[in-house]
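Reading the structure
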Amino acid sequence: MRNKIPRVPVREQDPVERAKNFEEVSYGYNAEEAMLEASRCLGCKNPSCVVECPVNIQIPQFIYEVEQGNFEKAAEIIARDSSLPAVCGRVCPQESQCEGVCILGVKKEPVAIGKLERFVADWSRQKGIKFTDKLPSNGKKVAVIGSGPAGIACATDLAKLGYEVTIFEALHEPGGVLQYGIPEFRLPKDEVVRKEIENTISLGVKIETNVVVGRTVTIDSLMDNEGFSAVFIGSGAGLPKFMGIPGENLNGVVSANEFLTRSNLMRAYDPDYETPIHVGKSVAVVGGGNVAMDAARTALRLGADVTVVYRRTEKELPARVEEVHHAKEEGIVFRMLTNPTEILGDQKGWVRGLRCIKMELGEPDESGRRSPVPIPDSHFEIETDVVIMSLGTSPNPLIASTTPGLDTNRWNGLVADDNGATSRPGVFAGGDAVTGAATVILAMGAGRKAAAAIDEYLRTK
């Protein structure tokens with residue numbers, strides 16, 4: 001019977017209404033819906049979903065407890081491996097990880113693992129349930145740079161092992177990309193992000209904000225003068241990339257990073273805040289990843305007509321299918337097989353349009369995707385007064401440039417082995433600072449691996 005029950009749909013805001021507000025799009029499951037969806041799980045003896053989860057949550061076990069109505073037990077199982085379940089349940093690409101290998105997905109729809117994780121996390125938060133079991137203090141101090149997913153995961157695991165952990169965050173609010181990068185309508189900040197971080201703090205982790213490592217302090221000073229036995233660098237990848245085409249210096253051209261930071265971290269979407277943000281009447285977002293979708297859907301909610309410009313076809317869009325679907329429902333236009341060649345300006349130095357060329361797909365590139373090739377004499381213009389560049393990010397070189405002996409690669413990423421060990425003894429790194437921009441859950445997986453490696457390093461030192 002289990003595999004004959006259809007996947008339980010998730011209730012959502014009406015697209016016309018949600019395009020005008022910043023309230024969360026998905027309402028998630030209630031208890032009855034969650035238990036019904038959980039009943040679809042086959043409880044595989046060798047669950048591929050666990051293998052494909054970067055933090056190896058014991059998925060069949062927690063889903064079984066949901067089916068039985070034992071929600072606190074389900075939360076306890078998840079908490080063993082994930083420090084951000086309410087976040088991951090909302091923003092992780094389950095379709096390409098745990099749900100992507102679900103046996104039910106071969107012939108029907110896979111179990112809604114992410115939606116069940118979100119339900120359990122939300123239920124336990126609303127009930128005020130926290131899991132704070134940890135080993136006695138061992139007296140050793142570890143510094144974590146960055147309070148994003150990698151830093152939070154690393155700090156949580158180390159605190160459970162008895163270490164005294166301090167997180168140093170450059171911005172005024174902890175959370176990293178969870179605070180500045182992901183919009184409120186996908187990830188509520190007060191209700192979800194802050195509450196998840198409070199769980200980490202309840203384990204004894206200290207968080208110091210407004211500390212720019214490389215300026216306020218250095219890694220050497222933390223280790224030599226402040227008594228930290230090891231350091232984990234989880235500073236992310238916040239340096240935006242641009243195309244290098246004419247017109248990128250015009251007023252009205254902005255990176256997705258800056259646009260989203262103003263809206264999310266600095267609350268520019270909220271009329272009670274005076275944070276300046278320029279949206280204009282018509283916005284062109286260049287790029288096709290999740291960040292591009294976030295920027296496009298934010299601009300739409302701020303009152304603009306929005307077009308996404310992407311040089312490949314919809315099949316190659318790197319953004320989650322769910323995010324693309326939501327963007328289309330809300331009225332965002334997609335111009336596929338289109339590549340900008342110049343940003344056009346008016347006499348006052350403001351953007352007035354985007355000159356583009358039509359593309360066609362050629363042979364696959366190194367990533368396996370077919371390379372876009374320009375079609376000769378196919379230029380055309382898109383009328384717009386704001387261009388948001390969403391072409392990816394790279395790590396900020398500040399930490400590496402102020403830490404002698406810390407190796408980097410050609411795109412400023414820190415060089416680290418599979419366990420996060422860098423070229424400097426006692427210094428570990430993980431997440432986007434090593435790999436470049438990736439997903440929340442992959443960063444968390446790297447943070448957990450590094451925590452285990454730091455523990456082994458300090459116990460055997």
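Reference entry: report on the structure contained in this document. (Residues numbered from 1 in each chain as written. Predicted model: local features only at pLDDT ≥ 70, side-chain atom pairs only at ≥ 80, totals over all residues. Heavy atoms only, no water.)

Under the counting rule described, the total for this entry stands at 31 salt bridges. Notably, a salt bridge pairs R448 with D81, separated by 3.2 Å at the nearest N-O pair. Taken together, the residues R448 in helix α17 (residues 440–460) and D81 in the loop between α5 (71–79) and α6 (85–91) connect sequence positions 367 residues apart. E314 is paired through a salt bridge with K328; the nearest N and O atoms lie 2.6 Å apart. With E314 in the loop between β8 (305–309) and α14 (321–329) and K328 in helix α14, this pair connects stretches of sequence that are 14 residues apart. Three or more residues are tied together by salt bridges with common partners; here these are R18, R186, D294, R297, R301, E323, E329 and E330. (Salt bridge = Lys/Arg side-chain N within 4 Å of Asp/Glu carboxyl O. Helix = DSSP H or I, 4+ residues; strand = E, 2+ residues; numbered from the N terminus.)

Going through the model one piece at a time under the given rule, you end up with 6 aromatic pairs. With 6.0 Å between their ring centres and 50° between their planes, F22 and F185 make a pair best called tilted. With a gap of 163 residues between them, F22 in the loop between α1 (15–18) and α2 (31–38) and F185 in the loop between α9 (177–180) and α10 (189–201) connect regions that are remote in the sequence. Each of the two residues, F22 as well as F185, counts as buried. (Phe/Tyr/Trp six-rings, centres within 6.5 Å; stacked < 30°, edge-to-face > 60°. Buried < 20%, exposed > 50% of the residue type's maximum accessible area, 1.4 Å probe, protein only.)

Burial analysis of strand β7 (residues 282–286) places 5 of its 5 residues in the buried class, which makes it a mostly covered element. Here β7 shows two buried faces, one formed by S282, A284 and V286 and the other by V283 and V285. Examined bridge by bridge, β7 and β8 share 5 bridges and lie parallel to one another. Looking at the pairing, V283 lines up with V306 of β8. Note that the unit made of β7, helix α13 (residues 290–301) and β8 has a crossover that is right-handed. (Pairing = 2+ DSSP bridges. Right-handed = clockwise from strand over helix to strand, strands pointing away.)

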